[in-house]
Number of protein chains: 2
Amino acid sequence: MELSDFLLSLTPFDSHELKDITSHFEQEFIPKNTLLIEQGQVCKKLYYIKKGMVRSYYLKEDGKEITQWFFSVGKFMSSVDSFFQQRPSLYYLETLEDSVVYSISKEKMDLLFSKYHKMEQLGRLASIEMLTKVVNKLNAIQFQSARERYEYMLAEFPDISHRVPLGYIASYLGMTSETLSRIRRG
Amino acid sequence: MELSDFLLSLTPFDSHELKDITSHFEQEFIPKNTLLIEQGQVCKKLYYIKKGMVRSYYLKEDGKEITQWFFSVGKFMSSVDSFFQQRPSLYYLETLEDSVVYSISKEKMDLLFSKYHKMEQLGRLASIEMLTKVVNKLNAIQFQSARERYEYMLAEFPDISHRVPLGYIASYLGMTSETLSRIRRG
DNA sequence: ATACTTTTTTGATTTAGGTCAAAGGAAACC
DNA sequence: GGTTTCCTTTGACCTAAATCAAAAAAGTAT
């Protein structure tokens with residue numbers, strides 16, 4: 001989906017506004033397995049994914065990577081609290097496929113927020129949407145068996161489940177690779 | 001904390017704006033153990049808690065109550081997606097103590113959102129703050145032992161842990177009452 | 001193609017925390 | 001104040017999923 005269509009799906013901008021807003025984004029082509037942000041860095045950009053797939057993850061004390069979220073086409077993506085509060089990121093962001101994104105800096109985003117009342121609204125709506133999804137995952141993780149969590153995953157990210165390494169999905173779901181492998185076996 | 005101080009802590013309203021905004025809220029006194037919303041109802045109000053404590057919970061298929069969140073003084077509270085999207089609530093909201101709240105309807109809230117650009121900003125900031133907290137909990141729940149989760153709880157809600165029944169906390173943390181009791185023993 | 005690395009699968013074993021059951025304590029109600 | 005109901009603690013036992021280890025499979029690079 002194009003950025004402008006995505007924006008329109010949340011808030012009714014007119015065509016001039018839309019043009020101005022999208023002009024603040026830059027298109028970037030990012031190869032597979034590239035880190036967009038590293039843990040500890042302040043996240044400078046917010047991204048819209050036009051094509052491809054990205055995951056966020058963090059490192060446990062023992063060095064294991066824990067996938068925190070998957071972002072696919074047609075979504076905003078960032079290390080959200082790092083970007084908005086300009087604090088060190090708790091997460092890495094990594095492309096899982098060759099990707100095309102539109103990016104915008106914090107400064108430009110703030111400029112749009114203050115220029116357009118409707119842009120603030122969009123920010124609020126997108127945040128609430130994300131909040132709902134995270135709450136959803138939380139409910140799945142908190143009280144479901146490993147098999148049920150995997151089913152939640154299939155429902156929430158149907159496209160992803162066979163495009164990324166099993167280990168990434170396992171850690172996203174809070175289980176080991178061995179367990180997920182056994183679940184898939186049937 | 002008074003509502004106006006809370007609003008000011010997120011966004012710099014001037015005193016006229018503040019007066020207008022707070023005038024759209026109604027003060028309500030709500031006794032302990034009152035349901036503010038039931039599962040399946042559309043949530044009509046957003047609340048600011050001036051005094052007291054509230055929890056949200058849902059019922060599992062087997063009828064068990066699962067605490068989903070605790071809200072204490074100085075926070076906005078609602079069945080967020082039900083309120084903003086006007087969909088049936090997945091949760092119950094229940095006061096845990098005699099409480100004093102300020103409430104506002106969806107219509108009035110929308111009115112404020114469209115009247116004040118800064119109000120949208122406040123909505124966005126409050127949403128992101130909530131999002132950060134939920135992500136936090138998710139991380140705690142997903143990969144920590146029962147004991148560590150309890151420690152997360154003590155850090156996140158220091159005031160709550162000895163004011164509410166143990167069972168509510170246990171389900172909030174994704175463990176049984178028996179387990180939490182054993183953890184507390186030491 | 002061949003060698004090397006990484007990921008996935010499979011099996012054996014362990015363990016944290018769940019379940020079941022029953023006894024103490026606290027709080028609510030008459 | 002005494003009953004009744006609910007909440008918490010404790011113990012015995014069980015189970016889902018983790019850990020450990022090693023083989024098989026899939027990718028990547030030379």
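Data block above holds the structure.
Residues numbered from 1 in each chain as written. Chains lettered and ligands numbered in written order. Predicted model: local features only at pLDDT ≥ 70, side-chain atom pairs only at ≥ 80, totals over all residues. Heavy atoms only, no water.

A look at the overall build of chain A
1) Next: When its secondary structure is counted, chain A shows 8 helices and 8 strands.
2) Next: For 186 residues, the compact-globule estimate of 2.2 N^0.38 gives 16 Å, and the C-alpha radius of gyration of chain A, at 17 Å, lies within 12% of that figure.
3) Next: Projected onto its principal axes, the C-alpha positions of chain A cover 55 × 30 × 30 Å.
4) Next: Going through the 186 residues of chain A one by one, you find that 53% of them count as buried. (Helix = DSSP H or I, 4+ residues; strand = E, 2+ residues; numbered from the N terminus. Rg over C-alpha atoms; globule rule 2.2 N^0.38 Å. Buried < 20%, exposed > 50% of the residue type's maximum accessible area, 1.4 Å probe, protein only.)

Let's talk about the pattern of salt bridges
Residues and elements named next belong to chain A.
1) Next: Summed over the entire model, instances satisfying the criterion amount to 24 salt bridges over all chains.
2) Next: For Glu17, the salt bridge identified is with Lys118, shortest N-O distance 3.1 Å. In this pair, Glu17 sits in helix α2 (residues 15-23) while Lys118 sits in helix α5 (residues 117-143), placing the two residues 101 residues apart along the sequence.
3) Next: Judged by its relative accessible area of 15%, Glu17 is buried.
4) Next: Its relative accessible area of 27% is what places Lys118 among the partly exposed residues.
5) Next: The network of salt bridges with common partners includes Arg55, Glu65 and Glu94. (Salt bridge = Lys/Arg side-chain N within 4 Å of Asp/Glu carboxyl O.)

Observations regarding the protein's contact with DNA strand D
1) Next: If you check the shell around DNA strand D, you find 15 residues, and the closest are Ala146 and Thr179 of chain A together with Leu166, Ser181 and Arg185 of chain B.
2) Next: Counting only the atoms of DNA strand D that lie within 4 Å of the protein, the sugar and phosphate share comes to 61%.
3) Next: Ala146 of chain A is positioned with one of its backbone polar atoms (N or O) 2.6 Å from a phosphate oxygen of DNA strand D.
4) Next: Measuring from a phosphate oxygen of DNA strand D, one finds a side-chain N or O atom of Thr176 of chain A at 3.1 Å.
5) Next: Ranked by residue count, the leading element in the surface near DNA strand D is helix α8 (residues 177-185) of chain B, at 4 residues.
6) Next: Tallied by class, residues from the surface near DNA strand D come to 4 nonpolar, 6 polar and 5 charged. (Near = heavy atom within 4 Å. Polar contact = N/O pair within 3.5 Å; in protein donor to acceptor, adjacent residues only side chain to side chain. Nonpolar A, V, L, I, M, F, W, Y, C, P; charged D, E, K, R; others polar.)

A closer look at the interface of chain A and chain B
1) Next: The interface is formed by 37 residues belonging to chain A together with 37 residues belonging to chain B.
2) Next: Carbon and sulfur atoms make up 65% of the area that chain A and chain B hide from each other, which totals about 3100 Å².
3) Next: In terms of surface lost to chain B, no three residues of chain A exceed His117, Arg124 and Phe143 of chain A, which account for 21% of the buried area on that side.
4) Next: Where chain A packs against chain B, one counts 2 salt bridges.
5) Next: Of the charged contacts in the structure, one is a salt bridge between Glu120 of chain B and Arg124 of chain A, with a shortest N-O distance of 2.6 Å.
6) Next: Scanning the region where chain A abuts chain B turns up 10 residue pairs in polar contact (both at pLDDT 80 or more).
7) Next: For the side of chain A that touches chain B, the secondary structure elements donating two or more residues are β5 (65-72), α3 (80-85), α4 (106-115), α5 and α7 (166-172) of chain A. (Contact = heavy atoms within 4.5 Å. Buried area = accessible area lost by both parts, 1.4 Å probe.)

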